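Single-letter residue listing:
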Amino acid sequence: MTPRLEALSVKRSVLWGWLVALVLVLLLTLVWLVGRYENSEIETRLERDAAEAVLDIKDGLNRNVQSLQALHSIHAKGPDINGWQTLAEALLRERREIMRVEWRNDTLDIQSFSGTPYRQGVFERFGRSNSLSDVSTACAAALRISSASYSSSYFLPQSDGMGMEVIDMCLPIMAGGQLAGYLLATYGLQSMLSELVSKQLMRGQSLAFTEADGTRLALVGGGARGSQNFVARQLLDLPGTTLVLRLESRLGMPGLFPNVLTALLTAVSLALMVVLFLLARDTRRRLRAEHDLGEALAFRKAMEDSLITGLRARDLSGRITYVNPAFCAMVGLAPQQLLDQSLPSPYWPPELSDAYQQRQAIRLAGSNLPREGHESVFMRPDGTRFPVLIIEAPLINAAGKHTGWMSAILDVSEQRRVEELSRASQDRLQATARLAMVGEMASLLSHELNQPLAAISSYATGSLNLLHDAATVPPTALSSDLQLAVSRIAEQAERAGKVIKSVHDFVRRRDQTREAVEPRDLINAVMPLVSLQARKLSVTVVTEIDAAAHAVLCDRTMVEQVLLNLSRNGMQAMQDLDPSTTRVLTLRVRPAASNARSRWVEFAVIDQGAGISPDVQAQLFTPFFTTKVEGMGLGLSLCRTVIEQHGGFLGFEPALPTGTIFSFTLPVDNAHQP
Ligand code: ADP
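The residue numbering used here restarts from 1 in each chain and proceeds along that chain's sequence as written. Side-chain atom pairs in this predicted model are given and counted only at pLDDT of 80 or more, local residue features only at pLDDT of at least 70, and totals for whole chains, interfaces and linings cover all residues. For the side-chain quantities, the full set of heavy atoms in the structure was used; hydrogens and water were omitted.

Chemist: Outline the sheet that holds strand E17 (residues 540–545), supporting the account with residue identities and numerical values.
Modeler: Spatial ordering of the open sheet is given by E17-E19-E20-E22-E21, a layout of five strands whose pairing is mixed. The open sheet has two edge strands with one neighbour each: E17 and strand E21 (650–654). The average undirected angle you get between the axes of adjacent strands in this sheet is 15°. For two strands to be treated as a pair, DSSP must find no fewer than two bridges joining them. Elements are defined by DSSP. Helices are runs of H or I of four residues or more, strands are runs of E of two residues or more, and each kind is numbered from the N terminus. Of the strand pairs in this sheet, E21 and strand E22 (residues 660–667) are connected by five bridges, and their pairing is antiparallel. Following the sheet pairing, Glu653 is matched in E22 by Ile661. Its contacts with the sheet place helix H13 (residues 556–573) against strand E19 (584–591), strand E20 (600–606), E21 and E22, and it is angled at close to 175° to E22. Helix axes use the C-alpha atoms of the stretch in contact, all axes being lines fitted to C-alpha atoms, and the angles between their N-to-C directions lie in the range 0 to 180 degrees. Residue contacts are counted whenever heavy atoms from the two residues lie within 4.5 Å of one another.

Chemist: Before we move on, can you summarise the state of the cysteines with the specific residues and values?
Modeler: In this description, a disulfide is simply a cysteine sulfur pair whose atoms lie within 2.5 Å. Under the definition given, this model contains one disulfide. Sulfur-sulfur distance for the disulfide between Cys139 and Cys170 comes to 2.0 Å. Every disulfide takes its handedness from the sign of the S-S torsion; for Cys139 and Cys170 that torsion is 100°, giving right-handed. Residue Cys139 is located in helix H3 (residues 132–145), and its partner Cys170 is located in strand E5 (residues 163–175); the two are separated by 31 residues in the primary sequence.

Chemist: Which residues make up the packing of H13 against helix H15 (residues 635–645), and what are the values?
Modeler: Two elements in contact, H13 and H15, have axes separated by 10 Å at closest approach and are oriented at 145°. Between H13 and H15 lies a crossing whose hand is left-handed. Of the residues in H15, those touching H13 at Met558, Val562, Asn565, Leu566 and Asn569 are Gly635, Leu636, Cys639, Val642 and Ile643. Residue polarity follows a fixed list, in which Ala, Val, Leu, Ile, Met, Phe, Trp, Tyr, Cys and Pro are nonpolar, Asp, Glu, Lys and Arg are charged, and the others, Gly among them, are polar. Residue composition of the contact of H13 with H15, by class: seven nonpolar, three polar and no charged. For any pair of crossing helices, the crossing counts as left-handed if the nearer helix is rotated counterclockwise from the farther one by less than a right angle, and right-handed if it is rotated clockwise.

Chemist: Quick rundown of the site of the ligand? Include the residues and the values.
Modeler: Neighbouring residues of the ligand: 17 residues in total, closest Asn569, Thr626, Thr627, Lys628 and Met632. Here Asn569 contributes a side-chain N or O atom positioned 2.9 Å from an oxygen atom of the ligand. Think of a polar contact as two N or O atoms within 3.5 Å of one another; within protein, one of them needs to be a possible hydrogen donor and the other a possible acceptor, and neighboring residues in sequence only count if both atoms come from side chains. Contacts to the ligand include Lys628, whose side-chain N or O atom sits 2.9 Å from an oxygen atom. Where accessible areas are quoted, they stem from the Shrake-Rupley method and a 1.4 Å probe; at the residue level, only the protein chains shown are allowed to cover. The fraction of the free accessible surface of the ligand (530 Å²) that becomes covered by protein chains is 91%. Throughout, the term near means that a residue has one or more heavy atoms lying within 4 Å of the molecule or strand in question.

Chemist: Any details on the nonpolar core? Residues and values, ideally.
Modeler: Residues grouped as a nonpolar core are buried Ala, Val, Leu, Ile, Met, Phe, Trp, Tyr and Cys residues, joined through side-chain atoms within 4.5 Å. Only protein chains enter the accessibility calculation, which uses a 1.4 Å probe. A residue is then buried if its area is under 20% of the maximum for its type, exposed if over 50%, and partly exposed in between. Judged by nonpolar contacts, the single largest core of 45 residues is most densely connected at Ile57, Leu68, Met169, Tyr187, Met192, Leu207 and Phe209. Discounting chain neighbours no more than four positions away, the residues touching Phe209 are Ile57, Leu189, Met192, Leu193, Thr215, Arg216, Leu217, Ala218, Leu236, Leu243, Val244 and Leu245. If you look at the next biggest cluster of nonpolar residues, it comprises 42 residues, including Met527, Cys554, Met558 and Leu566.

Chemist: Please set out the environment of Ser425 residue by residue, giving values where relevant.
Modeler: By the element assignment, Ser425 lies in helix H10 (residues 413–468). Judged by relative accessible area, Ser425 falls into the buried class, the value being 17%. A polar contact is formed between the side chain of Ser425 and the backbone oxygen of Ser422, at a distance of 3.0 Å.

Chemist: Describe the pattern of salt bridges, with residues and values.
Modeler: Salt bridge, as used here: a side-chain nitrogen of Lys or Arg that lies within 4 Å of a carboxyl oxygen of Asp or Glu. Under the criterion given, the structure shown has 21 salt bridges. Between Glu102 and Arg104 there is a salt bridge, with its nearest N and O atoms 2.7 Å apart. For Arg104, a relative accessible area of 3% puts it in the buried group. Counted as one network, the salt bridges with shared partners bring together Arg100, Glu102, Arg104, Arg128 and Asp168.

Quick look at the structure:
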């Protein structure tokens, strides 16, 4: 991965981290808010319930005050103890929260009393007199406000070992504007709660009286202990005393989700997290796929860029949609100059444009393209033309639809050049074969000439002898013998002449074609073949061509043959050298004399071989003389013949420090005469 991609992926993971964290925070906040909202709902309900409970109690107490007042008004005319008690008992049966009702006179002495039928001897253990101070305080307050007043609560131990909290209510009885006594009612706090408060409020909740400091005085209700308790407090403000009513709701819900809304929200949050996770996984997979795709693409691009075959894609209308660098380099145009170009293409030679357009239309119409491709000629911006081989195939996209054409293009100029060269060397081979034949003819000639020459020689010797012995031979015999000998000499000479003519005719059959050739062209022409052999023999070929050397007039093929021959000899002379030494063959061209105005150009082939020993030197140009196993021994003699036919001179000299210089001269073309 490149550093840039790595940085991107780090940045992406940081972003993902932030997203997950933010979503988590959001969800937690939502859950928390919903929880809080629901709690506050419960608390509000609880407060309302507590206020209702206080109202219920107050209502109950007021009702009781009225009932007690009614009790008193019945007996306003005068105390009728029995009647009062009957009524009081009836009241007590009805109102369970009242533990005891007392009728006292204005000095707080008990006139009569009655206890609740639901509980025996409430004051039995404690003694009523012990609570006198509470009673008198309450009654004093009641007298002061001319209305019912309550004492503070006090504990009343019971005979069963338990006890209860009670408060006294004192109601002054007035008769004709005078205080006639007091009615006292003792309330059990617990009974107050259980009797006065509506049963509905008690469901699932506990109700208690506490003191201001929280000390519990009485309690009713209370279900299973829950995980979460909600508490509401309300003041029960009574004349003379104040009690705190404490309503406690115990939610029995176990666990994390206090209610449906929170549970729903949590479920949605979990689903959201799962979706987020799946999304992250999907993105990761996508990224991996993207990365793989990127690598594959980079590999493909590298492959296309390093190809030396030109690639070109066209759509169905012939517009170029893709080219690779090799193709751009081949036609010498930038991709922008090629892409989106329709026909005719910018690399078509103008003179062939029409023909190409027709050919293109035919080719694109039919889908059976030749697998071996077709040849064409393209043009570079500088106008140079070069041959190419185009192999075309239909371009099928992923959906299997034919969308255009893909072509591979090969520059075949080098191939053509090599083909041309091999044709030329074929020509030369034929020339060499002909020259070899001439050599053969020469040996035949010498053999054929031997006979007539020997005959001429012996006839001439005979004639001389006859003339020498002229004195002893009769003149007639002498003259006829001489005549015969001389006519024989003439015959043989004629025969020799014929032999020579036949060979001359054979050699002459080759047309003499002289042309002006630049020395550089001569060297360049033999270079491919020389290089070929040089590579085989690990020889470096160096050319030194003097710009002052003018074009020469020569039979090009023959002279090339000479250069080839000399070069081959030079390289063969170096092949036995120590492999570590450098082997350099120099082909040098310069004006023959040291001044540039020379009429002759000198060609030299210089090797670094062992040189030529004196005995070899003596026979160097003798036909069929060779020191090589496979040599013909004709090369040098033919070379000399060729050069001499051109009027030039072929010679050799030792090179320094080792080796041989073979050099020959050729005449400068007249048109180039200085
Ligand atoms: P071939 O090459 O077939 O032997 P040539 O006539 O070309 O026939 O050469 C004759 C002989 O001259 C060679 O066999 C070789 O011994 C000698 N010779 C020619 N050129 C060189 C050279 N550059 N250095 C040394 N000896 C050479």
